[in-house]
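What follows is the residue order along each chain.
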Amino acid sequence: FLLAMEDAAPGAAPPSASAAAAQQPSQANTTNHSGGGELGFDLDTYISAYTGHAKITRLLWVAEQSAANDALLRQEALRIALDESKRGENTDLYAAVCKEANIEPDAAFIASTDARAAARLERLMNELQIARNNLIKESIRMGYSDVGRHHEACGDFDKALKAYTRGRDYCTTSRQVASIGVDIVRA
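Let us look at the structure shown here. (Residues numbered from 1 in each chain as written. Predicted model: local features only at pLDDT ≥ 70, side-chain atom pairs only at ≥ 80, totals over all residues. Heavy atoms only, no water.)

Here we look at the packing of aromatic side chains
Then, number 1: For the structure on display, the rule yields 3 aromatic pairs.
Then, number 2: Seen in terms of ring centroids, Y94 and F109 are 4.9 Å apart; in terms of plane orientation they differ by 65 degrees. Their pairing is edge-to-face. Taken together, the positions of Y94 in helix 6 (residues 91–100) and F109 in helix 7 (residues 107–134) put the pair 15 residues apart, joining distant regions of the chain. Across this residue pair, the class does not change: Y94 and F109 are buried.
Then, number 3: When the ring centre of W61 is taken as origin, the NZ or CZ atom of R58, which lies over that ring, is 4.8 Å away.
Then, number 4: The side chain of K86 reaches across the aromatic face of F109, ending 5.2 Å from its centre. (Phe/Tyr/Trp six-rings, centres within 6.5 Å; stacked < 30°, edge-to-face > 60°. Helix = DSSP H or I, 4+ residues; strand = E, 2+ residues; numbered from the N terminus. Buried < 20%, exposed > 50% of the residue type's maximum accessible area, 1.4 Å probe, protein only. Lys NZ or Arg CZ within 6 Å of the ring centre and 35° of its normal.)

In structure tokens, the structure reads:
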């Protein structure tokens with residue numbers, strides 16, 4: 001379409017959309033490996049702009065929106081969401097994906113992931129307590145930041161926000177304040 005506009009004489013009316021479509025290969029009836037159906041929706045390209053929790057929730061949204069229109073797109077979105085949710089530590093989100101896909105959640109996966117997360121949180125809290133006992137502001141700030149990132153990875157955004165906010169009190173430079181601010185916005 002842009003090529004057709006460049007070739008047009010200055011001041012001439014832009015070519016119609018149908019003329020532009022005739023100049024390019026038809027994409028209306030193409031499908032791709034992402035289950036785009038007749039619309040040519042490329043799920044991989046669309047979802048590549050997202051990461052983590054946002055990626056999974058966006059995939060769930062795509063699956064919900066395509067439920068009636070495109071079963072293949074829904075199936076592909078749920079498959080990718082399931083794979084992505086198994087890579088993280090957010091077992092609640094994994095269970096939500098399983099529920100949407102009408103499959104039984106893997107109880108062993110949930111138990112092992114929760115146990116790993118609990119052990120990691122305990123280690124982080126011990127490191128934070130050591131830093132607080134030593135009264136080293138930088139270590140305390142980093143400890144709160146690590147705890148916040150852990151809670152964020154587990155999907156507990158309220159606790160993440162609380163940890164980031166507590167860490168802000170131990171910032172000594174404007175760069176640290178800005179970094180904590182970004183963390184707070186993300187949580």
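Some remarks on the pattern of salt bridges
Then, number 1: Counted according to the given criterion, the structure contains 11 salt bridges.
Then, number 2: One salt bridge in this structure joins K55 and E84, with 3.5 Å as the shortest N-O distance. Residue K55 is located in helix 4 (residues 52–65), and its partner E84 is located in helix 5 (residues 71–87); the two are separated by 29 residues in the primary sequence. Taken as a pair, K55 and E84 share a single burial class, namely buried. (Salt bridge = Lys/Arg side-chain N within 4 Å of Asp/Glu carboxyl O.)

Let's talk about the environment of V97
Then, number 1: The topology assignment puts V97 in helix 6.
Then, number 2: A relative accessible area of 0% places V97 in the buried class.
Then, number 3: Note: C-alpha distance between V97 and L82 (15 residues apart in sequence) is 6.1 Å.

Topic: the nonpolar core
Note that soluble globular proteins tend to have their nonpolar side chains buried in a common cluster.
Then, number 1: Counting residues in hydrophobic clusters, the biggest one holds 14 residues, and the most contacted among them are L43, I56, L59, L60 and A77.
Then, number 2: Elements represented by at least two residues in this core include exactly helix 3 (43–47), helix 4, helix 5 and helix 6.
Then, number 3: L124, L128, I140 and A163 belong to the second largest nonpolar core, which has 7 residues in total. (Core = buried A, V, L, I, M, F, W, Y, C linked by side-chain atoms within 4.5 Å.)

A word on helix 10 (residues 174–186)
Then, number 1: Helix length check: helix 10, at 13 residues, gives a terminal C-alpha distance of 18 Å against a target of 18 Å (1.5 Å per residue), a fit within 8%.
Then, number 2: Those residues of helix 10 lying buried are Q176, I180 and D183. Down the axis of helix 10, the buried side of the element spans an arc of 55 degrees, and every buried residue falls inside it. Across helix 10 from its buried face, at more than 90 degrees, point the exposed residues S174, R175, V182 and V185.
Then, number 3: Those residues of helix 10 that are buried are in contact with helix 8 (137–153) and helix 9 (157–168). (Expected span 1.5 Å × (residues − 1). Arc of directions from axis to C-beta. Contact = heavy atoms within 4.5 Å.)

Remarks on the layout of surface pockets
Then, number 1: The space that makes up the largest pocket amounts to roughly 340 Å³.
Then, number 2: Along the walls of the largest pocket sit 18 residues, with G52, H53, I56, E152 and A153 positioned nearest its centre.
Then, number 3: Among the elements that make up the lining of the largest pocket, the one with the highest residue count is helix 4 (4 residues).
Then, number 4: Residue classes in the lining of the largest pocket are distributed as 6 nonpolar, 7 polar and 5 charged. (1 Å grid on protein atoms, 1.4 Å probe; cavity = no way out; pocket = protein on both sides within 12 Å on 5 of 7 lines; lining within 4 Å. Points joined across faces, edges and corners; volume = space filled by probe spheres on them. Nonpolar A, V, L, I, M, F, W, Y, C, P; charged D, E, K, R; others polar.)

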